Amino acid sequence: MADIIDLDVYAAGGRAGFYADPYPVYEELRARGPVHHVRTPGPGPAEELWLIVGHEAARAAFTDPRLAKSPPWDMAGDLIGPHLLFADPPEHGRLRSLVTREFTPGRVAALAPRIQKITDELLDAMVPRGAADLIAALAFPLPFVVICELLGVPDIDRDRFRRMSTQVVAPTSDEEAAAAHVEIAGFLDDLIEAKRSAPPADDLLSALIRTTAEDGDRLSAAELRGMAFLLLVAGHETTVNLIGNGVRALLDHPDQLAALRADMSLLDGAVEEMLRYDGPVETATHRFTTEQLEIGGTVIPAGVPVLIAIGDADRDPERFPDAGRFDIRRAPRGHLAFGHGIHYCLGAPLARLEGRIALRSLLDRCPDLALAEAPDSWLPGVLMRGVRTLRVRW
């Protein structure tokens, strides 16, 4: 078995350095091969798993049937319930088809005027101040309000929900993560029960409660909780980081920012380059080997967890020439920021729409936008890629 690489020891600056800039670590690993036995940085106890780097290997891993999403242990005690990130065919296809009956491109496109209005209201409150934490003022509340309205979630304490959600996707300890799952599960159970007993509404969660396939199949109570969790948490966390990382990339590259300001027709391409260059998700969620397999000459044992390093795949020069350069005119050429294959992110169209509206509106309203200070507080762990705060001025 290959030697274990401790990622936070391997990184310059240790754990904090890895969180701030994991790309040099991934680049060194990629030069040595596509698969590595690693120990992940905390918080909490380190996890030993297998990491796949490089675009070609990552893309292949996303569709390899020997890498399952369902954990090799009994999930009967799971608080959240079944959802797409833990499901394999045929169950995955069943769940996804029931959700996509209601979460349609048309429903997403129809949100554009409302997303613009929320963005304008947030900027109305932010712009007169002259400086702000962009995460707290725009990047978090915009997708949070949008997904809550889409699902039909009543007004809840934003600070409380942000704390719960962050502890799920980037926990500071195992204890905090467990407590957050308990809290969110209870909240979702109460919400679903309230919607079951209320008159029919036109929000997405109410539609999912009612939706029935041609054969009579419906989402169970546990599946509803799981899907509501996935849509509510994943439905805003990715966009928070897309906006935060994207704005930071623009401000770190004044020539690209000037080019975008001069020609807003570049906006769609700019969003794709933001997703590629420093995307919101660093690694895909866990997969598990169903049998021993060999990738690039390295044997991975059966029954072990595997992570696909999306962030590295999208910095691979074999796929993207001069991959470390941020270039909003670059042809996207199939970045993996939203995954690949049957688990491609269901919410990608919504994240893109929110990102485009937020960025255009921010740049229109803040012509002198600049970093007020260098970001120094990064989300922990290897799943989400983003900053806790982003101080800007204008």
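Residues numbered from 1 in each chain as written. Predicted model: local features only at pLDDT ≥ 70, side-chain atom pairs only at ≥ 80, totals over all residues. Heavy atoms only, no water.

(A) Inspection of the overall build of the protein chain at higher detail. Along its length, the protein chain carries 17 helices and 11 strands. Over its C-alpha atoms the protein chain spans a radius of gyration of 21 Å, differing by no more than 12% from the 21 Å that the globule rule assigns to 394 residues. Counting only C-alpha atoms, the protein chain reaches 55 × 55 × 35 Å along its principal axes. Within the span of the protein chain, comprising 394 residues, buried residues form 55% of the whole. A separation threshold of at least 6 residues defines the contact pool for the protein chain, and within that pool the share at least 24 residues apart is 71%. Working note: accessible area of the protein chain is about 16,300 Å², and carbon and sulfur atoms make up 53% of it. Positive and negative side-chain charges of the protein chain, numbering 41 and 58 respectively, have mean locations separated by a distance of 4 Å. (Helix = DSSP H or I, 4+ residues; strand = E, 2+ residues; numbered from the N terminus. Rg over C-alpha atoms; globule rule 2.2 N^0.38 Å. Buried < 20%, exposed > 50% of the residue type's maximum accessible area, 1.4 Å probe, protein only. Contact = heavy atoms within 4.5 Å. Areas by Shrake-Rupley, 256 points an atom, 1.4 Å probe, with all protein chains shown as cover. Lys, Arg positive; Asp, Glu negative; His and termini not counted. Charge placed at Lys NZ, Arg CZ, Asp CG, Glu CD.)

(B) Quick look at the pattern of salt bridges. Applying the stated criterion across every chain yields a total of 23 salt bridges. When the shortest N-O distance is used, the salt bridge between Glu121 and Lys117 registers 2.5 Å. One end of the pair, Glu121, and the other, Lys117, are both in helix α7 (residues 112-126), four residues apart, so they sit about a helical turn from each other. What makes Lys117 partly exposed here is its relative accessible area of 44%. Between Asp268 and Arg356 there is a salt bridge, and its shortest N-O distance comes to 3.6 Å. Placement of the pair is Asp268 in helix α15 (residues 267-277) and Arg356 in helix α17 (residues 348-365), with a sequence separation of 88 residues. Assessed through its relative accessible area of 46%, Asp268 is described here as partly exposed. A single network of salt bridges, built from pairs that share partners, joins Glu91, Arg94, Asp217 and Glu223. (Salt bridge = Lys/Arg side-chain N within 4 Å of Asp/Glu carboxyl O.)

(C) Just the sheet that holds strand β4 (residues 67-68), in detail. An order of β1-β2-β3-β9-β6-β4 is seen for the six strands of this open sheet, with the pairing classed as mixed. The open sheet terminates on both sides in strands that have one partner only, identified here as β1 (5-6) and β4. Judged from the three bridges that link them, strand β3 (residues 48-52) and strand β9 (residues 305-308) form a sheet pairing that is parallel. Following the sheet pairing, Trp50 is matched in β9 by Val306. Most of the contacts of helix α3 (residues 23-32) go to strand β2 (residues 35-39), to which it runs at about 140°, and overall it touches β1, β2 and β3. (Pairing = 2+ DSSP bridges. Axes fitted to C-alpha atoms, helices over the stretch in contact; angles between N-to-C directions.)

(D) Just the pairing of β2, in detail. Of all the five residues making up β2, four are buried; the element is thus mostly covered by neighbouring parts of the structure. Both β1 and β2 contribute to a ladder of two bridges, which runs parallel. Paired with Ile5 across the two strands is Val38, which belongs to β2.

(E) The sheet that holds strand β5 (residues 131-133), seen in detail. Spatial ordering of the open sheet is given by β5-β11-β10, a layout of three strands whose pairing is antiparallel. Two strands bound the open sheet, and with one partner strand each, they are β5 and β10 (370-371). The pairing of β5 with strand β11 (residues 391-393) spans three bridges and is classified as antiparallel. What sits directly across from Asp133, in β11, is Arg391.

(F) Fine view of α15. Burial analysis of α15 places nine of its 11 residues in the buried class, the great majority of the element. Of all the positions in α15, only Leu267, Ala270, Val271, Glu272, Glu273, Met274, Leu275, Arg276 and Tyr277 are classed as buried. Contacts from the buried residues of α15 go to α3, α13 (221-252), α14 (254-262) and α17.

(G) Inspection of the packing of aromatic side chains at higher detail. Under the defined criterion, the tally for this structure stands at four aromatic pairs. A ring pair is formed by Phe140 and Phe144, whose centres lie 5.1 Å apart and whose planes are at 25°; its orientation type is stacked. Across this residue pair, the class does not change: Phe140 and Phe144 are buried. Look at Phe338 and Tyr344: their rings are 6.3 Å apart centre to centre, the planes differ by 65°, and that puts the pair in the edge-to-face class. (Phe/Tyr/Trp six-rings, centres within 6.5 Å; stacked < 30°, edge-to-face > 60°.)

(H) Summary view of the side chain of His36. Looking at the secondary structure, you find His36 in strand β2. Only 2.8 Å separates the side chain of His36 from the backbone oxygen of Gly33, close enough to count as a polar contact. Once residues within four sequence positions are removed from consideration, His36 is found in contact with Ile5, Leu29, Arg30, Leu49, Trp50, Leu51 and Val53. (Polar contact = N/O pair within 3.5 Å; in protein donor to acceptor, adjacent residues only side chain to side chain.)

(I) Local environment of the packing of helix α9 (residues 141-151) against α13. Axis separation between α9 and α13 bottoms out at 8 Å; the angle between their running directions is 155°. Taken as axis vectors, α9 and α13 run roughly antiparallel relative to one another. Along this stretch, α9 crosses α13, giving a crossing that reads as right-handed. Between α9, through Leu142, Pro143, Phe144, Ile147, Cys148 and Leu151, and α13, the contact on the second element is made entirely by Ala228, Leu231, Leu232, Gly235, His236, Thr239, Val240 and Ile243. Partitioned by chemical class, the residues of the contact of α9 with α13 number 11 nonpolar, three polar and no charged. (Parallel < 35°, antiparallel > 145°, perpendicular 65-115°, else oblique. Left-handed = near helix turned anticlockwise from the far one by under 90°. Nonpolar A, V, L, I, M, F, W, Y, C, P; charged D, E, K, R; others polar.)

(J) Region of the structure containing the pairing of β3. Of all five residues in β3, four are buried; the element is thus mostly enclosed. Both β2 and β3 contribute to a ladder of five bridges, which runs antiparallel. Residue His36 lies in a different strand from β3, and its bridge partner there is Leu51.

(K) Here's a closer look at empty space enclosed by the protein. One pass over the full model with this rule turns up two cavities of 30 Å³ or more. Computed from the structure, the largest cavity encloses a volume of approximately 50 Å³. Of all elements in the fold, only α15 and α16 (310-313) reach the threshold of two or more residues within the lining of the largest cavity. Of all the elements, α15 adds the most residues to the lining of the largest cavity, at three residues. Class assignment of the residues belonging to the lining of the largest cavity gives a composition of seven nonpolar, two polar and three charged. Considering only enclosed or pocket space, the second largest cavity measures out at about 30 Å³ in volume. Residue composition of the lining of the second largest cavity, grouped by class: five nonpolar, two polar and two charged. (1 Å grid on protein atoms, 1.4 Å probe; cavity = no way out; pocket = protein on both sides within 12 Å on 5 of 7 lines; lining within 4 Å. Points joined across faces, edges and corners; volume = space filled by probe spheres on them.)

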